[in-house]
Amino acid sequence: MPEDIFSLTNNTVSSDSNQLPTHRDYDTYINQWKFLKRSYLGGAEYKRGMYLKRYQYENESEYLTRLSHAAEDNHCRSIVHTYNSFLFRQGVHRDFGSIEGTEEVENFLKDADMEGRSWNSFMADVNIQSSIYGSCVVLIDRPETVVGTRADELEQGIRPYATIYTPENVLDWNFTRQSNGHYELEMISLLEQDERPNQSNGEYYVRVWTKDAIRLVAYNPNNVKEPMRVVEEKINALGKVPAVWCYANRGPIRGIGVSDIDSIAQAQRFLQECYSEAEQLISLTNHPSLVKTAGVSASAGAGAVITMPDELDPNLRPYLLQPNGGNLEAILRTMEETVKSIDRMAHLGSIRAIETRQMSGVAMMSEFLMLDAKLAEKAKNLELAEEQIFRLFGLWQGQAWDGEIHYPTAFHIRDKNLDIDILKKAAETNPANPK
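This write-up is about the structure you can find in this document. (Residues numbered from 1 in each chain as written. Predicted model: local features only at pLDDT ≥ 70, side-chain atom pairs only at ≥ 80, totals over all residues. Heavy atoms only, no water.)

With that settled, the discussion passes to the pattern of salt bridges. In the structure shown here, the tally under the stated rule is 17 salt bridges. Two residues, Glu168 and Lys37, come together in a salt bridge whose shortest N-O distance is 3.6 Å. Placement of the pair is Glu168 in the loop between strand 3 (161–165) and strand 4 (170–177) and Lys37 in helix 1 (residues 24–41), with a sequence separation of 131 residues. For Glu168, a relative accessible area of 10% gives the class buried. The partner of Asp260 in a salt bridge is Lys374, and the shortest N-O contact between them spans 3.4 Å. You can see Asp260 sitting in the loop between strand 9 (243–247) and helix 8 (262–286) and its partner Lys374 sitting in helix 11 (residues 361–396), a full 114 residues away along the chain. (Salt bridge = Lys/Arg side-chain N within 4 Å of Asp/Glu carboxyl O. Helix = DSSP H or I, 4+ residues; strand = E, 2+ residues; numbered from the N terminus. Buried < 20%, exposed > 50% of the residue type's maximum accessible area, 1.4 Å probe, protein only.)

In this model, helix 9 (residues 327–346) (20 residues) spans 29 Å end to end at C-alpha, consistent with the 28 Å of a helix rising 1.5 Å per residue. Restricting attention to buried positions, one finds in helix 9 the residues Ile331, Met335, Thr338, Ser341, Ile342, Asp343 and Ala346. Of the residues one or two after helix 9, His347 is the one with positive phi, at around 60°. (Expected span 1.5 Å × (residues − 1).)

Turning our attention to the layout of surface pockets. Volume-wise, the second largest pocket comes out at about 470 Å³. Lining the second largest pocket we find 17 residues, and of these Phe175, His182, Tyr183, Ala243 and Gln388 sit closest to its centre. Sorting the residues of the lining of the second largest pocket by element identifies strand 5 (183–191), strand 9 and helix 11 as the ones contributing at least two each. Grouping the constituent residues of the lining of the second largest pocket by class yields 10 nonpolar, 2 polar and 5 charged. (1 Å grid on protein atoms, 1.4 Å probe; cavity = no way out; pocket = protein on both sides within 12 Å on 5 of 7 lines; lining within 4 Å. Points joined across faces, edges and corners; volume = space filled by probe spheres on them. Nonpolar A, V, L, I, M, F, W, Y, C, P; charged D, E, K, R; others polar.)

Right, let's talk about the sheet that holds strand 5 for a bit. Here we have 5 strands laid out as an open sheet, ordered 4-5-6-7-8, and antiparallel in their pairing. Looking at the sheet topology across the chains shown, the edges are occupied by strand 4 and strand 8 (228–235). Going across the sheet, the axis of each strand differs from the next one's by a mean of 15°, ignoring polarity. Of the strand pairs in this sheet, strand 5 and strand 6 (residues 204–210) are connected by 5 bridges, and their pairing is antiparallel. Paired with Ile188 across the bridge in strand 6 is Trp209. (Pairing = 2+ DSSP bridges. Axes fitted to C-alpha atoms, helices over the stretch in contact; angles between N-to-C directions.)

Going through the model one piece at a time under the given rule, you end up with 3 cavities of 30 Å³ or more. Its volume calculated, the largest cavity comes out at about 60 Å³. Lining the largest cavity, in full, are Trp33, Ser135, Cys136, Val137, Tyr165, Thr166, Pro167, Val170, Trp173, Trp245, Gly255 and Ile256. Only strand 2 (135–141) and strand 4 provide two or more residues apiece to the lining of the largest cavity. A per-element tally of the lining of the largest cavity places strand 2 first, with 3 residues.

So, on to the environment of Lys374. Classification of Lys374 by relative accessible area gives buried; the value is 17%. A C-alpha to C-alpha distance of 9.2 Å links Lys374 and Ala346, two positions 28 residues apart in sequence. Leaving out residues up to four positions away in the same chain, Lys374 has contacts with Tyr83, Asn249, Asp260 and His347. (Contact = heavy atoms within 4.5 Å.)

Moving on to the pairing of strand 3. Among the 5 residues of strand 3, 4 are classified as buried, and the element is accordingly described as predominantly covered. The pairing of strand 2 with strand 3 spans 5 bridges and is classified as antiparallel. When the bridges of strand 3 are listed, Val137 appears paired with Tyr165.

Let's shift gears to unusual backbone geometry. If you check the backbone angles, Met50 has positive phi at about 55° while not being a glycine. Relative to the helices and strands, Met50 is located in the loop between helix 2 (43–48) and helix 3 (60–69). Met50 sits in the partly exposed class, given a relative accessible area of 22%.

On to the sheet that holds strand 9. If you trace the 3 strands from one edge of the open sheet to the other, you get 3-2-9, paired in antiparallel fashion. Both edges of this open sheet fall to strand 3 and strand 9, since each of them pairs with a single strand only. Sheet twist, expressed as the average angle between the axes of neighbouring strands with direction ignored, equals 25°. As paired elements, strand 2 and strand 9 share 5 bridges and run antiparallel to each other. Each bridged residue has a counterpart across the sheet, and for Val138 the counterpart in strand 9 is Val244.

Have a look at this one:
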């Protein structure tokens, strides 16, 4: 059956990890996060969510067949990557202050996650993940070292590195309000293995960070006597939890962001319904159903011959049952309007249009301004997150961060053809002042 993506019926986690201790907001939003992830990925992953509405008298085999044939137009991925391209096409100005040019920083910028990704590529991925889920968490860790000199650390490549955790893997967290009004992260619990438990013993591994300690905990839901055991525990030398929340849009709940594609994913889901209905209508219109008695020998193919018994009652003559194909036009118009509504929600109507749309210059300029404001807000959130990340980087290195990060805040998009047309019309008026 289709999944309850918004947890309207209950607040339980619909996954194998429902035995793990989780934050109350995690239990509320986990199904929605999965829906957003699948909406972004599309393809087979989206079909596995079984979001297509099931007909009342449709059996499971018929539903799965219709689901496999249903087309999907992935607007979520297109919009997320469009935002990403605008945000990073102008470049980011980074001033690292006292740690400018150090070998640790240069190595970090070249390989931020110890997997070969540059810092620009890493932050572009941070923006993509936060756009999908509303937020993501970046953890800044540093390998343990027993060397005594900085030269030995550089030789062994011991330096801070960054890791992205999507909300599905952030099981629990706790913010505490300080006396100065600042909220400080006191604890975070991260799922290290999210796909399936360890095949050998059925355990989930969770790393718990607190200000004082770092623990790797194994949870085994099949072990009734000892469902939890501490695999390893070490002191947190940093003295604080080195995790940064990166928001796409801030929401009213701390730790929960507002996704860029929340409403768009629902519209995309409706489009899949329309594609399925259109496919069914086309199939039924082109291949009508033949209604006949059991004694009549006939098929519904082209050029078929129908053989009827001589004594057959005229009222029982076979006939074709064919629906009216006129509804197809209504479905196509509905789909077209839905796509336009997606573009309006994303403020990308003029950019993503594949055909000429009748929009006035004022309407286009207003849409560009709304897109500019949205991108500027996202840039500010990335700028804040990056400064917090480098502040933690400096702490791992035993230095105070005194640099600055500046993301572009103007994303003006001008239609040159429209500008030329306006100038041409202005020139035709023969103004008294040539300027």
